[in-house]
Amino acid sequence: MTEMKKGVLVGGSGLIGGTIVNYYKKYPDLAVDIRAPSSKKLSIRVSEDICDYIRQVKPDFIINAAMANLGADGKLSCEVNYLGAINLARAALSLGIPLIHISSSATLPVGENLSEDDTVPLTPGLSNYAKSKLMAEITLKKMAQEQGLDYTCIRLAIVYGAHDHKIQGFHRMLFSIADESMPVLFTKKNTLHSYSNSRKLPYFIDYILGKRNEFSGQTYHFVDPDAVDLATLILKVKSYLNLNKPREIYAPFWLANLGTKSLNVMLRVLRQVGLQASMPPELMFLENFYKPQTLSATKLQESSFIDPFPGETVFTRLPDLVVYYITRWDHENLIMGFKECFDTEKSLESIFCDNPIDLVEEVHKEGVGPYEQLTQS
Ligand SMILES: NC(=O)c1ccc[n+]([C@@H]2O[C@H](COP(=O)([O-])OP(=O)(O)OC[C@H]3O[C@@H](n4cnc5c(N)ncnc54)[C@H](OP(=O)(O)O)[C@@H]3O)[C@@H](O)[C@H]2O)c1
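The following refers to the structure shown.

Thresholds applied
- Residues numbered from 1 in each chain as written.
- Predicted model: local features only at pLDDT ≥ 70, side-chain atom pairs only at ≥ 80, totals over all residues.
- Heavy atoms only, no water.
- Helix = DSSP H or I, 4+ residues; strand = E, 2+ residues; numbered from the N terminus.
- Buried < 20%, exposed > 50% of the residue type's maximum accessible area, 1.4 Å probe, protein only.
- Salt bridge = Lys/Arg side-chain N within 4 Å of Asp/Glu carboxyl O.
- Expected span 1.5 Å × (residues − 1).
- Polar contact = N/O pair within 3.5 Å; in protein donor to acceptor, adjacent residues only side chain to side chain.
- Contact = heavy atoms within 4.5 Å.
- Phe/Tyr/Trp six-rings, centres within 6.5 Å; stacked < 30°, edge-to-face > 60°.
- Lys NZ or Arg CZ within 6 Å of the ring centre and 35° of its normal.
- Pairing = 2+ DSSP bridges.
- Axes fitted to C-alpha atoms, helices over the stretch in contact; angles between N-to-C directions.
- Near = heavy atom within 4 Å.
- Areas by Shrake-Rupley, 256 points an atom, 1.4 Å probe, with all protein chains shown as cover.

Note the cis peptide between Lys-245 and Pro-246, where omega equals 0°. Within the element layout of this structure, Pro-246 appears in the loop between α8 (230–241) and α9 (253–272). At His-163, a residue that is not glycine, the phi angle is positive and equals roughly 75°. If you check the backbone angles, Asn-333 has positive phi at about 55° while not being a glycine. Note that Asn-333 resides in the loop between α12 (314–331) and α13 (339–342). A residue is classified by how much of its surface remains accessible, and Asn-333, at 52% relative accessible area, is exposed.

In structure tokens:
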């Protein structure tokens, strides 16, 4: 019988962490008991929290999928993304167990076919997010070289996948198109970016945890092999949603930048009269919509890991993701007008709204007794 392994994952309520937790739940045969305490129970900002928790659980590995909100100030970004990551690494080092650290292409410059060594220089002017993620990468590398930390750094680019409750990055773009708040294309023709498929990531993590000789001390770009043109992707989403916007007009960067700045001024005024409003933090990456950033997947492809879904790309996942997010946002009343097209549970909602008595009868008929699987044994 396979021996059960215990893993501690931080960031389990997030897009990436949640996907990893779901994976281990879905495949119990992998014999991994994954513990994902919330940030209230284990805040990586507090080293005592980490020591207490790790001492109690005694895990066989740690995965760090936590991050401060993209728009967080310097203190929070530093405490979560940098010092928190190092706190976890020190715990892993103390127990001699592997640490899987999730990082970001924000640590890389713009450009094409960037390798794992192509980081931006560490300067005060970097965004809080990029700076703190880069600082974590630098210190983890030093800890591996000088103290023997067994870690793997996985850099993600623009992530696509289900369960993004915060609506960030790619899903923010999807939202802006569905919400028709993107009148024209805020990019220029042929601007290529790399994309990361969150669905494939847990397969990689599970694999590399079993192959420490090959993957320890290494950084990998976990990206789809082919880069994607931003305008093509936006227009594809628009055609799935059958919308008229955004128009196929390319807004130049200076205009988009001016628009963002003017909106910022307006929002500041609104806040002064007590109205809560803020810009999506993704706009800090506005310049990146106009410049290519493609990450080389060569090191990943040349590793012994085999892609579980080789044909899958952001385009092949798009139909499912569009249905998933539009249905969800429609239910949450964040967007309107798509129910007819996508709502697979329409009948439940209509019965709930119009015939609650029928619904109660139906539920009673289905059975409301104790669960058999809980009462047996
Ligand atoms: N999403 C992307 O497009 C993208 C792209 C590139 C790289 N990445 C990387 O992927 C990783 C995960 O990102 P994500 O998109 O999944 O983030 P997310 O959805 O924003 O989730 C962040 C997670 O971090 C947790 N967290 C925040 N502060 C914490 C603290 N002090 N202690 C413990 N946990 C804390 C949050 O827990 P609570 O909810 O309990 O606070 C939440 O579970 C990050 O390293 C990020 O840099 C993401």
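Charged atoms that come close allow side chains of opposite charge to pair. Going through the model one piece at a time under the given rule, you end up with 13 salt bridges. In this structure, Asp-52 and Arg-55 form a salt bridge, with 3.5 Å as the shortest nitrogen-oxygen distance. Here Asp-52 and its partner Arg-55 are both found in helix α2 (residues 47–57), 3 residues apart, which amounts to about one turn of the helix. Note that Glu-332 and Arg-328 form a salt bridge whose closest N and O atoms lie 3.6 Å from each other. Classification of Arg-328 as partly exposed rests on a relative accessible area of 22%. Here the salt bridges do not stand alone but share partners, grouping Arg-199, Glu-312, Arg-317 and Asp-320 into one network.

With that settled, consider helix α1 (residues 15–26). For α1, which comprises 12 residues, the first-to-last C-alpha distance of 16 Å matches the rise-based estimate of 16 Å (1.5 Å per residue) to within 8%. The buried fraction of α1 amounts to 9 of the 12 residues, a majority that puts the element mostly inside the structure. Listing the buried residues of α1 in full gives Leu-15, Ile-16, Gly-17, Gly-18, Thr-19, Ile-20, Val-21, Tyr-23 and Tyr-24.

For the rest of this paragraph, the subject is the side chain of His-193. Along the chain, His-193 turns up in strand β8 (residues 192–193). Among the residues examined, His-193 registers a relative accessible area of 6% and is labelled buried. A distance of 2.7 Å separates a polar side-chain atom of His-193 from the backbone oxygen of Asn-288. Ignoring sequence-local partners within four residues, the contact set of His-193 consists of Ile-158, Ala-227, Val-228, Leu-230, Asn-288, Phe-289, Lys-291, Pro-292, Gln-293 and Thr-294.

Right, let's talk about the packing of aromatic side chains for a bit. Going through the model one piece at a time under the given rule, you end up with 18 aromatic pairs. Note on Tyr-203 and Phe-309: the rings are 5.4 Å apart at their centroids and 85° apart in plane angle, and the pair reads as edge-to-face. With Tyr-203 in helix α6 (residues 201–209) and Phe-309 in the loop between α11 (298–302) and α12, this residue pair connects regions lying 106 residues apart in the sequence. We classify Phe-309 as partly exposed; its relative accessible area is 23%. One aromatic cluster in this structure is built from Phe-204, Tyr-207, Phe-215, Tyr-220, Phe-222 and Phe-305. Geometry around Phe-309 places Arg-199 over its ring, the cationic atom sitting 4.3 Å from the centre.

Quick look at the sheet that holds strand β10 (residues 218–221) now. Paired through backbone hydrogen bonds, the strands of a sheet run either parallel or antiparallel to each other. Taken in spatial order, the 6 strands line up as β2-β1-β3-β4-β6-β10 in an open sheet, and their pairing is parallel. Every other strand in the sheet has two partners, leaving β2 (32–35) and β10 as the edge strands with one partner each. Within this sheet the neighbouring strands show an average axis-to-axis angle of 20°, counted without direction. Sheet contacts for α2: β1 (5–10), β2 and β3 (61–64); angle to β1, the most-contacted strand, approximately 160°. Strands β4 (99–104) and β6 (151–156) of the sheet are contacted by helix α4 (residues 128–147), whose axis makes an angle of about 145° with β4.

Before going further, it helps to spend a moment on the environment of Val-223. In this fold, Val-223 is placed in the loop between β10 and β11 (228–229). Looking at Val-223, the relative accessible area reads 5%, which means it is buried. Considered as a pair, Val-223 and Lys-131 are 92 residues apart in the sequence and their alpha carbons are 21 Å apart. With sequence-adjacent residues up to four places away left out, Val-223 is seen in contact with Ala-157, Ser-194, Tyr-195, Ser-196, Leu-295, Ala-297 and Leu-300.

Right, let's talk about the site of the ligand for a bit. Lining the immediate environment of the ligand, one finds 25 residues, of which Ser-13, Ile-16, Ser-39, Tyr-129 and Lys-133 sit closest. Contact between the ligand and Lys-133: an oxygen atom at 2.6 Å from a side-chain N or O atom of the residue. Out of a free accessible area of 900 Å², the ligand has 88% covered by protein chains. Put simply, the parts of the chain that give the shell around the ligand at least two residues each are α1, β4 and α4.

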